Amino acid sequence: MLAQFSARPWALEGEVVLRELRSFADSPVIEAVLRELATGPGQEGARAGTAQGTVVIGWGRRDLVTLPSQAARAQERFPDARLHWFDRCGHFPHWDRPDETVRVILDATA
């Protein structure tokens, strides 16, 4: 399972992974969230010119949950968004590229 979230699961700190995965398991809404992700409607997006701030889509080049080939569709649905590619990164950039993740967030919100 970790290989779906991280491009290098063997390099992750065990305590970080354990804490995050336990938080998922302990969440009272995790089943509803997963069901909605699997069967609910897709994101409609935001038409060009309607975003009320900076929109950045971060995507791991080795993401096995939302495949990199889906990035074009995300950009079509959010045309004002800037797409940031995380190299050597899976679905959770905060695991594989924590410093870069912080920089991307701060650059977009500062």
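First, a word on what this report is: a plain description of the structure on this page.

Cut-offs and rules
- Residues numbered from 1 in each chain as written.
- Predicted model: local features only at pLDDT ≥ 70, side-chain atom pairs only at ≥ 80, totals over all residues.
- Heavy atoms only, no water.
- 1 Å grid on protein atoms, 1.4 Å probe; cavity = no way out; pocket = protein on both sides within 12 Å on 5 of 7 lines; lining within 4 Å.
- Points joined across faces, edges and corners; volume = space filled by probe spheres on them.
- Helix = DSSP H or I, 4+ residues; strand = E, 2+ residues; numbered from the N terminus.
- Nonpolar A, V, L, I, M, F, W, Y, C, P; charged D, E, K, R; others polar.
- Buried < 20%, exposed > 50% of the residue type's maximum accessible area, 1.4 Å probe, protein only.
- Core = buried A, V, L, I, M, F, W, Y, C linked by side-chain atoms within 4.5 Å.
- Phe/Tyr/Trp six-rings, centres within 6.5 Å; stacked < 30°, edge-to-face > 60°.

Moving on, we get to the layout of surface pockets. In this structure, the largest pocket spans a volume of roughly 1,200 Å³. Lining the largest pocket are 31 residues; nearest its centre among them are Leu37, Gln43, Val65, Thr66 and His91. Secondary structure elements with two or more residues in the lining of the largest pocket: α1 (2-5), α2 (14-26), α3 (30-39), β1 (56-60) and α4 (71-77). The element best represented in the lining of the largest pocket is α3, accounting for five residues. Of the residues belonging to the lining of the largest pocket, the class tally is 17 nonpolar, ten polar and four charged.

In this structure, Arg88 takes a positive phi of about 50° despite not being glycine. Residue Arg88 is classed as partly exposed on the basis of its relative accessible area, which comes to 46%.

Counting six residues, the largest nonpolar core consists of Ile57, Trp59, Ala71, Ala74, Ala81 and Leu83. When contributions to this core are tallied by element, the ones reaching two or more residues are β1 and α4. Core analysis: the next-biggest nonpolar cluster, separate from the first, contains five residues, Phe5, Leu12, Val17 and Trp95 among them.

Tallying each qualifying case throughout the model produces five aromatic pairs. For the ring pair Phe24 and Phe92, a centre distance of 6.2 Å and an interplane angle of 65° mean the geometry is edge-to-face. With Phe24 in helix α2 and Phe92 in the loop between β2 (82-86) and α5 (93-96), this pair connects stretches of sequence that are 68 residues apart. Here the aromatic rings of Trp59 and Trp85 are separated by 6.4 Å at their centres, their planes lie at 45°, and the arrangement is tilted. Here Trp59 is found in strand β1, whereas its partner Trp85 is found in strand β2, with 26 residues between them in sequence. Take Trp59: its relative accessible area is 8%, and that puts it in the buried class.

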